[in-house]
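Commentary on secondary and tertiary structure
Take a look at the letters that make up each chain.
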Amino acid sequence: MATTTATKTAKPASKTAAAKKPKIQEPDLYFWEGKNQKGQVVRGEIKARSLADVKNQLRKQGQLKPKIKKKPKPLFGGGKAVQPADIAVFVRQMATMMKAGVPLVQSFELVADGLENENMRKMVLSIRDDVSGGGSFGSGLRRFPKYFDELFCSLVESGEQSGTLETMLDRVATYKEKTEALKKKIKKALTYPIAVLAVAFIVTGILLVKVVPVFAETFSSFGADLPAFTQFVLGLSVMAQAHWWKLAGGVTIIAIAFSKAKETSQTFADAVDRVTLKVPIVGMIVNEAVIARIARTLSTTFSAGVPLVEALDSVSGAAGNAVYRDAVKRVRDDVTGGTMINVALRTVGVFPTLLIQMCAIGEESGALDTMLDKVATHYEAEVDNKVDNLTALLEPMIMSILGILVGGLMVAMYMPIFQLGQVV
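Residues numbered from 1 in each chain as written. Predicted model: local features only at pLDDT ≥ 70, side-chain atom pairs only at ≥ 80, totals over all residues. Heavy atoms only, no water.

1. Looking at the environment of Leu 190
Mapping Leu 190 onto the fold places it in helix H8 (residues 165-219). Using a relative accessible area of 34% as the deciding quantity, one classes Leu 190 as partly exposed. Put simply, Leu 190 and Thr 391 are 201 residues apart on the chain and 9.5 Å apart in space, counted from C-alpha to C-alpha. (Helix = DSSP H or I, 4+ residues; strand = E, 2+ residues; numbered from the N terminus. Buried < 20%, exposed > 50% of the residue type's maximum accessible area, 1.4 Å probe, protein only.)

The following block contains the structure:
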């Protein structure tokens, strides 16, 4: 209740201060061209808020009559999208600046100047304007819920209220870095085989549509029965030529429908999450990745002084899987009723023994956040090892599949030629 009251009373003051102080203009990028003392042409670029500023900076560099051109802004927005990795870098840089004693507003400006992503830079400068106008760091972040979730904003606000913003930013940066590294590992495990198999089927389709018909014309003049395998491949070729667009369209429609259904239907998305956990090998990796994320999130929030019940709320939202999301909510309800967290985890029957035992040790010793951090580190290492092993296992399997598909087509096409040679 105290936090809510403080937030409500702070908002009118922020608006009044923001109204008094004008918004700071964002610097633009200017390209310039001039000559050095030897008469050689030199070029460069400068960020400034006006053409006069650019001329002043170039005059200090000895450029008296440079050609200056402002970089045009895209007509329809555009620019590189802000990625989670950009957010992780931003938080780490802010934490470093704050630890070095740089004032908050100046930290925003220094970080923004070093960002290459224009959209990310604009967002950082927008947050800076809010802070310089009297608002809080957390309220500035909440204006961009697409990039800063409730957990992120709550931790930053907690750091502001307790006077430990630099420490909290460091924890959030570590959390984001660990989370993004884990996501990359999972994407690597899933993307690599899918991409290679997609290429294999595309190559096979091209062979069936473009190469096999050339052999078919040659075989039509043989006047003899073709081998069964060759006839089968020729039949596939005829089908592919007649219906390839239906197959391609069907696959595209199914992919789009699957993506839309997962976005719009919570029931469908939950069903996909449950099925994913049961997929051989991949399901095991996803299971351990979710456990690592849960342990990391709970460790970060609990060490930040967030009450356990509220921390479990944040964990349920960050779990990333419906099965564990619902399980964490049941754990939260049990903990709210006075049950110890290790007992609640055991009762749910979803979580591994290691997590339960480490929570029991942490509760007894008063170092729950430390134990959870160790659990997260353990499962993150397990995910790394399993992804590396899966990749090493899949490479020869995928090469075998490619060899069977492409090699099989070639064998089917050359079998009649070999038989003809034997007859002659």
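Now, onward.
2. Focus on the nonpolar core
Counting residues in each nonpolar core, the largest one holds 80 residues, and the members touching the most others are Phe 90, Phe 137, Phe 148 and Phe 351. If we ignore the near neighbours within four places in the chain, the residues touching Phe 351 are Ile 291, Ile 294, Tyr 324, Ala 327, Val 328, Val 331, Leu 345 and Ile 356. (Core = buried A, V, L, I, M, F, W, Y, C linked by side-chain atoms within 4.5 Å. Contact = heavy atoms within 4.5 Å.)

3. Quick word on the side chain of Lys 176
Take Lys 176: it is sitting in helix H8. The buried charged residue Lys 176 lacks any salt bridge partner; its closest oppositely charged side chain belongs to Glu 180, at an N-O distance of 4.6 Å. Apart from residues no more than four positions distant in its own chain, Lys 176 is found in contact with Ile 87, Ala 88 and Phe 152. (Lys, Arg positive; Asp, Glu negative; His and termini not counted. Salt bridge = Lys/Arg side-chain N within 4 Å of Asp/Glu carboxyl O.)

4. Quick notes on the pairing of strand S2 (residues 41-48)
Every other side chain in a regular strand lies on the same face of the sheet, so the side chains alternate between the two faces. Direction of pairing for strand S1 (residues 28-35) relative to S2: antiparallel, over a ladder of 8 bridges. Paired with Gly 34 across the two strands is Val 42, which belongs to S2. Turn length for the S1-S2 hairpin, with the two strands adjacent in sequence and antiparallel, is 5 residues, and the turn residue Gly 39 shows positive phi of about 85 degrees. (Pairing = 2+ DSSP bridges.)

5. Some words on a nonpolar patch on the surface
A contiguous nonpolar surface patch, about 350 Å² in accessible area, is contributed by Phe 229, Phe 232, Leu 236 and Val 411. The dominant element in the nonpolar patch, judged by the number of residues it contributes, is helix H9 (residues 228-264), at 3 residues. Within the secondary structure, Leu 236 sits in helix H9. Given a relative accessible area of 32%, Leu 236 falls into the partly exposed group. (Patch = residues over 30% accessible without salt bridge, like charges linked within 9 Å, V, L, I, M, F, W, Y side chains within 5 Å. Areas by Shrake-Rupley, 256 points an atom, 1.4 Å probe, with all protein chains shown as cover.)

6. Observations concerning helix H12 (residues 308-318)
Turning to H12, its buried residues are Leu 308, Ala 311, Leu 312, Val 315, Ser 316 and Ala 318. End-on, the buried residues of H12 take up no more than an arc of 165 degrees, which puts them together on one face. Backbone geometry just after H12 places Gly 320 at a positive phi near 80 degrees. (Arc of directions from axis to C-beta.)

7. A word on the sheet that holds S2
Spatially, 3 strands are ordered S2-S1-S3 in an open sheet, and the strand pairing comes out antiparallel. Each of the sheet's edge strands pairs with one partner strand only, and the pair in question is S2 and strand S3 (67-70). Each strand axis lies, on average, 20 degrees off the axis of its neighbour in the sheet, ignoring direction. Bridge analysis of S1 against S3 gives 4 bridges, and the strand direction is antiparallel. Bridge pairing links Phe 31 to Lys 69 in S3. (Axes fitted to C-alpha atoms, helices over the stretch in contact; angles between N-to-C directions.)

8. Details of the packing of helix H4 (residues 104-113) against helix H5 (residues 118-132)
Between H4 and H5, whose axes approach to 9 Å, the crossing angle comes to 165 degrees. By the angle between their axes, H4 is roughly antiparallel relative to H5. The element H4 and its partner H5 pack so that their crossing is left-handed. Only Arg 121, Val 124, Leu 125, Ile 127, Arg 128, Val 131 and Ser 132 of H5 make contact with H4, whose side of the interface consists of Leu 104, Val 105, Phe 108, Glu 109 and Ala 112. In the contact of H4 with H5, the residues fall into 8 nonpolar, 1 polar and 3 charged. (Parallel < 35°, antiparallel > 145°, perpendicular 65-115°, else oblique. Left-handed = near helix turned anticlockwise from the far one by under 90°. Nonpolar A, V, L, I, M, F, W, Y, C, P; charged D, E, K, R; others polar.)

9. Side note on the confidence of the model for the protein
A residue-level look at the protein finds 89% of positions with pLDDT of 70 or above and a mean pLDDT of 80. Counting contacts from residues 1-24, a segment whose pLDDT is below 50, to residues more than four positions away or on other chains yields 13 contacts. (pLDDT = per-residue confidence, 0-100.)

10. Regarding the packing of aromatic side chains
Working definition: an aromatic ring pair is given by the centre-to-centre distance plus the angle between the planes. A full pass over the atoms with the stated rule returns 6 aromatic pairs. Between the aromatic rings of Phe 90 and Phe 108, the centroid separation amounts to 6.5 Å while the plane-to-plane angle is 20 degrees, which identifies the pairing as stacked. One end of the pair, Phe 90, is in helix H3 (residues 84-99); the other, Phe 108, is in helix H4, and 18 residues separate them in sequence. Phe 108 matches Phe 90 in its accessibility class, with the two residues each being buried. Centroid distance Phe 108 to Phe 137: 5.1 Å. Interplanar angle 85 degrees. Geometry classified as edge-to-face. Of this pair, Phe 108 sits in helix H4 while Phe 137 sits in helix H6 (residues 137-142), placing them 29 residues apart in sequence. The burial state of Phe 108 is the same as that of Phe 137; both residues are buried. Feature note: the residues Phe 90, Phe 108, Phe 137, Phe 148 and Phe 152 constitute an aromatic cluster, connected by ring pairs. (Phe/Tyr/Trp six-rings, centres within 6.5 Å; stacked < 30°, edge-to-face > 60°.)

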